[in-house]
Amino acid sequence: MMLTPPLQRRLRALGLALLLGALGQAAPAEERFNPCDYTGFDSPCAVPGGEYRALKPPGKGPFPTVVYLHGSLGEADEISARRYFQRTVIARGYVLLVPRALDVVRYKSGRGTGWSHAARTDHPRDDIGFLARVLDHAEARFRIDRRRVVFAGQSDGGFLIWEIACHRPGLAAAYAVHAASYGGPLPERCAAPMRFLQAHGRRDRVVPFERARWRYGRLSAANPVEGLALLARANRCSGSKGKPVAPFHGFRRISWQGCARGAALDYLVHDGGHSYPWQWMPAVLDWFEGFDLSPPAVGQRTVRRAGERSGAFKAVPGRGAD
């Protein structure tokens with residue numbers, strides 16, 4: 001009789017439980033059987049306050065990691081199963097983590113998922129704390145390399161990443177957003193320098209491109225240009241405005257120069273709308289891999305500027321979305 005994958009997983013779990021019982025051992029809570037160890041995207045990984053989906057490439061690791069924060073109304077299980085991410089992220093040797101936003105936000109079209117950030121004050125979960133727990137869990141389960149974690153977010157997920165980069169920049173090595181800006185009023189300053197990549201479409205009608213102030217019902221967000229000037233000050237760059245440099249993966253690229261050691265700030269512009277073009281994630285990874293994030297020699301720390309890495313990964317074309 002051919003056993004189906006779900007039945008095989010149940011038998012594995014039952015066998016492990018019987019073995020522990022026979023030995024008279026009680027495994028610590030953090031080491032008990034977790035279905036996500038085996039099934040990845042098929043079963044979510046549970047952490048206090050929520051869950052996330054995960055998929056890792058072959059090998060033992062430790063692995064560089066992309067934490068993708070989906071947009072409003074997005075669902076982690078649907079997004080994590082897309083071939084776009086598997087062909088772009090997993091094929092590059094990265095672990096992909098897709099946390100799930102809570103289904104607690106009211107929109108004009110009804111109720112849906114959304115993240116807690118400065119533009120949304122009535123959210124019941126501390127999402128920055130939740131994401132820190134996701135990283136801790138994934139480090140133990142999937143051997144992610146905490147020195148090489150990049151957060152990438154679309155729309156509402158990007159709003160949260162803006163807040164993390166400004167107030168908790170040490171949570172990851174770099175941050176990349178598409179179609180978002182800082183939610184709520186801009187703070188006077190950010191906590192420390194960071195590596196940050198902003199991307200936006202000129203024809204975006206959901207989060208309009210470089211509008212003085214974005215509003216959606218009670219939500220509002222800062223002009224992306226003003227937000228980037230804030231990050232330039234935090235990064236101690238030579239000026240508040242970046243300079244056009246060579247195109248990057250088909251995007252018009254603006255880069256800030258003379259920033260603090262290890263910091264970077266880049267702005268990618270395309271002619272599309274709210275959904276990211278298929279080139280976005282390859283551009284994020286090439287930008288991220290332009291930094292030397294390997295363990296430094298004693299007394300030495302060398303960080304290359306973004307874009308020094310030659311060559312571009314050719315991903316299979318696909319449509320981006322939340």
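Residues numbered from 1 in each chain as written. Predicted model: local features only at pLDDT ≥ 70, side-chain atom pairs only at ≥ 80, totals over all residues. Heavy atoms only, no water.

J.: What's the story with the overall build of the protein in this structure? I'm lost.
T.: Assigned secondary structure in the protein consists of eight helices and 14 strands. Per-residue burial over the protein gives 52% buried out of 322 residues. Accessible surface computed for the protein: about 15,300 Å², of which carbon and sulfur atoms make up 52%. (Helix = DSSP H or I, 4+ residues; strand = E, 2+ residues; numbered from the N terminus. Buried < 20%, exposed > 50% of the residue type's maximum accessible area, 1.4 Å probe, protein only. Areas by Shrake-Rupley, 256 points an atom, 1.4 Å probe, with all protein chains shown as cover.)

J.: Even after reading the chapter, I still don't get the packing of aromatic side chains, so can you show me in this structure?
T.: Centre-to-centre distance and the angle between the planes together describe a pair of aromatic rings. Evaluation of the coordinates by the stated rule reveals eight aromatic pairs. Relative to Trp280, the ring of Tyr276 lies with its centre 5.0 Å away and its plane at 35°, an arrangement referred to as tilted. Given the relative accessible area of 2%, Tyr276 is considered buried. Through a chain of ring-to-ring contacts, three or more aromatic side chains come together here, namely Tyr68, Tyr84, Phe85, Tyr276 and Trp280. The aromatic ring of Phe248 is capped on one face by Arg253, whose charged end is 4.6 Å from the ring centroid. (Phe/Tyr/Trp six-rings, centres within 6.5 Å; stacked < 30°, edge-to-face > 60°. Lys NZ or Arg CZ within 6 Å of the ring centre and 35° of its normal.)

J.: Can you help me understand the pattern of salt bridges in this one?
T.: Pairing is possible between side chains that carry opposite charge, provided their charged atoms lie close to one another. Tallied over the entire structure, the rule returns nine salt bridges. Asp286 is paired through a salt bridge with Arg92; the nearest N and O atoms lie 2.8 Å apart. Pair noted here: Asp286 is in helix H8 (residues 280-288) and Arg92 is in the loop between helix H4 (83-88) and strand E4 (95-99), with a separation of 194 residues, a long-range link. In this structure Arg92 comes out as buried when scored by relative accessible area, which is 16%. Between Arg146 and Glu139 there is a salt bridge, with its nearest N and O atoms 3.0 Å apart. Taking relative accessible area as the criterion, Arg146 reaches 28% and is therefore assigned partly exposed. (Salt bridge = Lys/Arg side-chain N within 4 Å of Asp/Glu carboxyl O.)

J.: I'm lost on helix H5 (residues 127-142) in this one. Help?
T.: The periodicity of an α-helix, 3.6 residues per turn, causes residues three or four positions apart to be oriented the same way. Over its 16 residues, H5 extends 21 Å from the first C-alpha to the last, a length consistent with the 22 Å expected when each residue adds 1.5 Å. Taken residue by residue, H5 has Asp127, Ile128, Gly129, Phe130, Leu131, Ala132, Val134, Leu135, His137, Ala138 and Phe142 as its buried positions. By the N-cap criterion, in which a side-chain oxygen at the helix start approaches the backbone nitrogen of a residue two or three places on, H5 is capped by Asp126, the distance to Ile128 being 3.3 Å. Looking one or two residues beyond H5, the residue adopting positive phi is Arg143, at roughly 55°. (Expected span 1.5 Å × (residues − 1). Polar contact = N/O pair within 3.5 Å; in protein donor to acceptor, adjacent residues only side chain to side chain.)

J.: Looking at this structure, how should I read the nonpolar core?
T.: Side chains of nonpolar character tend, in soluble globular proteins, to be buried together. If you look at the biggest cluster of nonpolar residues, it comprises 55 residues, and the most contacted ones within it are Tyr52, Leu97, Phe151, Tyr175, Phe196 and Trp256. Among the elements that take part in this core, H5 stands out by supplying eight residues, more than any other. Residue contacts for Leu97: discarding those within four places in its chain leaves Tyr52, Arg53, Ala54, Thr65, Val66, Val67, Tyr68, Val134, Leu135 and Ala138. Residues Ala76, Ile90, Ala176 and Ala199 belong to the second largest nonpolar core, which totals 32 residues. (Core = buried A, V, L, I, M, F, W, Y, C linked by side-chain atoms within 4.5 Å. Contact = heavy atoms within 4.5 Å.)

J.: What is the right way to look at the confidence of the model for the protein in this model?
T.: Caution applies to low-pLDDT parts of the model: their predicted coordinates are not meant to be read in detail. Summing up the model confidence of the protein, the mean pLDDT is 79 and the portion of residues at 70 or higher is 74%. Across the protein, the element-wise mean pLDDT spans from 38 in helix H1 (residues 5-23) up to 98 in strand E14 (residues 264-270). Here residues 1-34 scores under 50 on pLDDT; set against residues more than four positions off or in separate chains, the count is 18 contacts. In this model, residues 296-320 is a region of pLDDT below 50 whose contacts with residues beyond four sequence positions or in other chains number 51 contacts. (pLDDT = per-residue confidence, 0-100.)

J.: What am I meant to see in the pairing of strand E3 (residues 63-69) here?
T.: The element E3 is largely enclosed, with a buried count of seven among its seven residues. In this structure, E3 lies alongside strand E7 (residues 144-154), joined through six bridges in parallel fashion. If you follow Val66 over to E7, its bridge partner there is Val150. (Pairing = 2+ DSSP bridges.)

J.: Teacher, can you tell me more about the environment of Ser238 here?
T.: Note that Ser238 resides in the loop between helix H7 (224-234) and strand E12 (243-248). Looking at Ser238, the relative accessible area reads 63%, which means it is exposed. Along the chain, Ser238 and Cys259 lie 21 residues apart, while their C-alpha atoms are 6.4 Å from each other.

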